[in-house]
Amino acid sequence: PEITELNGRKVYHLKAEVETSKWFSMIFKMRDRLDSYIDVEGLYPLKFVRYQREGGYKAEEIMEYDHINRVATYRSLINKSVKTMEIPVGVQDMLSCLYWIRLQEVKPGSSIFVDVNADEKNWKLEVKVLGSERIEMLNLGVFDAFLVEPIAQFRGAILRKGKMWVWVSADERRIPLILKAQTPFGPI
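As the structure is a computational prediction, the values presented were derived from the model and not from experiment.

K.L.:
Got a minute to help me understand the sheet that holds strand 13 (residues 186-187) in this structure?
P.N.:
Paired through their backbone hydrogen bonds, the strands of a sheet run either parallel or antiparallel. Strand order in the open sheet formed by 6 strands is 8-9-10-11-12-13, with antiparallel pairing between adjacent strands. Here the strands that pair on one side only, and so sit at the sheet edges, are strand 8 (111-118) and strand 13. Here 11 bridges tie strand 9 (residues 121-137) to strand 10 (residues 141-151), and the two strands are oriented antiparallel to one another. Its bridge partner lying in strand 10, Glu 133 is registered against Ala 145.

Structure below.
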């Protein structure tokens, strides 16, 4: 929503919110909010905040990144625990990685790899570029798009037990157009 300042650095504030519909909430309720604060110059996260409710799973946490010393500090707002961990050079958080990936070269048949810090661990994320196609979106028009499949190992009901496919525009903006996921409850 904005460029702001954090610890004397200009940062992009990224925000994502996910909610299930009233009908689907009767089966499986999901209320997630993610905030990422990305350094404007380096395009790496300085802070990540997660409030997550997915069925019986609950998380409220803050991760702060010190990229100079390659250390991250995790704080749980639920059990008040504090942990530090080493991080790889250029590590991204769960939200900032989506924007970082959009800046990478994309070719059908290739993969993009990025280190992602999530769930108090560092993960390798692979984004497979499965192909390109023209897609029609109701009331929006026809778009040239890349079909990508993130291969992730994050906690959370959808990513842990399902697969996801994303169509992004084939122009330089790489705008996410459609997301499909196979979940334990069926496709969404």
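Picking up after the structure, the text goes on.
K.L.:
How do you make sense of the environment of Val 114 when you look at a structure like this?
P.N.:
When you line up the elements, Val 114 lands in strand 8. For the pair Val 114 and Glu 126, spaced 12 residues apart in the sequence, the C-alpha separation amounts to 6.8 Å. Those residues in contact with Val 114, other than ones at most four positions away along the chain, are Gln 92, Cys 97, Trp 100, Ile 101, Trp 123, Lys 124 and Leu 125.

K.L.:
Which parts of the structure should I look at to understand the environment of Glu 126?
P.N.:
Tracing the sequence through the fold places Glu 126 in strand 9. Residues Glu 126 and Arg 31 lie 95 residues apart in sequence; the distance between their C-alpha atoms is 26 Å. In this structure, Glu 126 is in contact with Ser 111, Ile 112, Phe 113, Glu 149, Pro 150 and Ile 151, ignoring residues within four places of it in sequence. Of the polar contacts made by the side chain of Glu 126, one reaches the side chain of Ser 111; its length is 2.8 Å.

K.L.:
Where do I start with the side chain of Asp 32 in this structure?
P.N.:
If you trace the backbone, Asp 32 turns up in strand 3 (residues 30-39). For Asp 32, which is buried and forms no salt bridge, the nearest opposite charge comes from Arg 53, at a distance of 7.4 Å. Within the structure, the side chain of Asp 32 is placed 3.2 Å from the backbone nitrogen of Arg 53, a separation counted as a polar contact. Leave out the neighbours within four places in its chain, and Asp 32 touches Ala 16, Glu 17, Val 18, Tyr 51, Gln 52, Arg 53 and Glu 54.

K.L.:
Looking at this structure, I do not really get the sheet that holds strand 1 (residues 2-6). What am I missing?
P.N.:
The strand order across the open sheet formed by 7 strands is 1-2-3-4-5-6-7, and the pairing between neighbours is antiparallel. For this open sheet the edge positions go to strand 1 and strand 7 (82-86), each flanked by a neighbour on one side alone. Strand after strand, the sheet turns through a mean of 20° between neighbouring axes, direction not considered. The pairing of strand 3 with strand 4 (residues 45-54) spans 9 bridges and is antiparallel. Looking at strand 4, one finds that Asp 32 is bridged to Gln 52.

Conventions we followed
- Residues numbered from 1 in each chain as written.
- Predicted model: local features only at pLDDT ≥ 70, side-chain atom pairs only at ≥ 80, totals over all residues.
- Heavy atoms only, no water.
- Pairing = 2+ DSSP bridges.
- Helix = DSSP H or I, 4+ residues; strand = E, 2+ residues; numbered from the N terminus.
- Contact = heavy atoms within 4.5 Å.
- Polar contact = N/O pair within 3.5 Å; in protein donor to acceptor, adjacent residues only side chain to side chain.
- Buried < 20%, exposed > 50% of the residue type's maximum accessible area, 1.4 Å probe, protein only.
- Lys, Arg positive; Asp, Glu negative; His and termini not counted.
- Salt bridge = Lys/Arg side-chain N within 4 Å of Asp/Glu carboxyl O.
- Axes fitted to C-alpha atoms, helices over the stretch in contact; angles between N-to-C directions.

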